[in-house]
Amino acid sequence: MRADAQRNQDRIVAGARELFAERGFEVAMEEIARQAGVGVGTLYRRFPDRWTLVRAVSVDALLQLGEAARSALEEEADAWSALRRLLLRGAEERFGALQALDAATHQAIRADPDVTAACRELITTLARIVEDAKAVGDLRTDVGPGDILLLLVLLTRPLSALPADVGAAIPVRYLHLALDGLRPSATSLPGSPIRST
């Protein structure tokens, strides 16, 4: 792909990701083109339908979170700090908003090989963070990497019933509460740890 075409594609994916997170997946393609600073024709040449764009945004979100996990693991002093940094980055990126698909689209996205590969990479890095944090006693032993990822998704999904200013503050506030709950505790969790999603 030519450099200018790649730039346009990256701008479209970034613009779509932002609008999908803010307003949902039904936002008009014309608005996405405007957000990306490209013509509608350029958008449709790169992404002939909404499905291909949603797929690209999903892969991009997983790859970016996977990269954030790797960076946190390499750069932070300990695994707990890496986990905290990763969750707060996921909240900042509104990761859960990008998972709020209807059931059929969600199943199709999960079956996509690129999505599967990106998710596998993310879970592998997250599993290492989780196990390292458990090994030194910083993380409760009855959670798995899938629990952490699902917690991030659930806490960063849009809450349309709340005023925008309240809804925007909730993910970070409740992630801080959840982080306290992830510390070792005398109370056992019901069920089994989720290893992957």
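Here's a quick rundown of the structure.

Procedures and definitions
Residues numbered from 1 in each chain as written. Predicted model: local features only at pLDDT ≥ 70, side-chain atom pairs only at ≥ 80, totals over all residues. Heavy atoms only, no water. Helix = DSSP H or I, 4+ residues; strand = E, 2+ residues; numbered from the N terminus. Buried < 20%, exposed > 50% of the residue type's maximum accessible area, 1.4 Å probe, protein only. Contact = heavy atoms within 4.5 Å. Areas by Shrake-Rupley, 256 points an atom, 1.4 Å probe, with all protein chains shown as cover. Lys, Arg positive; Asp, Glu negative; His and termini not counted. Charge placed at Lys NZ, Arg CZ, Asp CG, Glu CD. Phe/Tyr/Trp six-rings, centres within 6.5 Å; stacked < 30°, edge-to-face > 60°. Lys NZ or Arg CZ within 6 Å of the ring centre and 35° of its normal. 1 Å grid on protein atoms, 1.4 Å probe; cavity = no way out; pocket = protein on both sides within 12 Å on 5 of 7 lines; lining within 4 Å. Points joined across faces, edges and corners; volume = space filled by probe spheres on them. Salt bridge = Lys/Arg side-chain N within 4 Å of Asp/Glu carboxyl O.

### Focus: the overall build of the protein
And then number 1: Counting its secondary structure elements, the protein contains 9 helices and 0 strands.
And then number 2: Taken from N to C terminus, the helices and strands of the protein fall in the order α-α-α-α-α-α-α-α-α.
And then number 3: Its C-alpha atoms give the protein principal-axis dimensions of about 60 × 40 × 30 Å.
And then number 4: Counting every position in the protein, which comprises 197 residues, the buried fraction comes to 41%.
And then number 5: Of all intrachain contacts in the protein linking residues separated by at least 6 positions in sequence, the fraction that spans at least 24 positions is 73%.
And then number 6: A total of about 10400 Å² of accessible surface is found on the protein, and carbon and sulfur atoms cover 52% of it.
And then number 7: Considering the protein, the positive charge centre built from 24 side chains and the negative charge centre built from 27 side chains are found 2 Å apart.

### Describing the packing of aromatic side chains
And then number 1: Tallying each qualifying case throughout the model produces 1 aromatic pair.
And then number 2: The positively charged end of arginine 183 is found above the aromatic ring belonging to tryptophan 80, 4.0 Å away from the centroid.

### Overview of the side chain of serine 58
And then number 1: Examined against the element boundaries, serine 58 turns out to sit in helix α4 (residues 50–75).
And then number 2: Judged by relative accessible area, serine 58 falls into the buried class, the value being 9%.
And then number 3: In this view, serine 58 contacts Ile109 and Val115; residues no more than four positions away in its chain are not counted.

### With respect to unusual backbone geometry
And then number 1: Even without being a glycine, arginine 94 presents a positive backbone phi close to 55°.
And then number 2: Along the chain, the position of arginine 94 falls in the loop between α5 (79–92) and α6 (103–111).
And then number 3: Residue arginine 94 is classed as partly exposed on the basis of its relative accessible area, which comes to 32%.

### Considerations on empty space enclosed by the protein
And then number 1: Under the definition given, this model contains 2 cavities of 30 Å³ or more.
And then number 2: Considered as a void within the structure, the largest cavity measures approximately 50 Å³ in volume.
And then number 3: Around the largest cavity sit Arg17, Ala61, Gln64, Leu65, Ala68, Arg89, Gly90, Glu93 and Phe95, which together line it.
And then number 4: Going through the elements one at a time, α4 and α5 are the ones with two or more residues in the lining of the largest cavity.

### Thoughts on the pattern of salt bridges
And then number 1: Applying the stated rule across the entire model yields 14 salt bridges.
And then number 2: Between arginine 183 and aspartate 138 there is a salt bridge, with its nearest N and O atoms 3.7 Å apart. One end of the pair, arginine 183, is in the segment after α9 (164–182); the other, aspartate 138, is in the loop between α7 (113–135) and α8 (145–155), and 45 residues separate them in sequence.
And then number 3: Residue class for aspartate 138 comes out partly exposed when judged on its relative accessible area of 22%.
And then number 4: Close ionic contact of aspartate 142 with arginine 140 constitutes a salt bridge, the shortest N to O distance being 2.7 Å.
And then number 5: Residue class for arginine 140 comes out buried when judged on its relative accessible area of 8%.
And then number 6: Counted as one network, the salt bridges with shared partners bring together Arg17, Asp60, Arg89 and Glu93.

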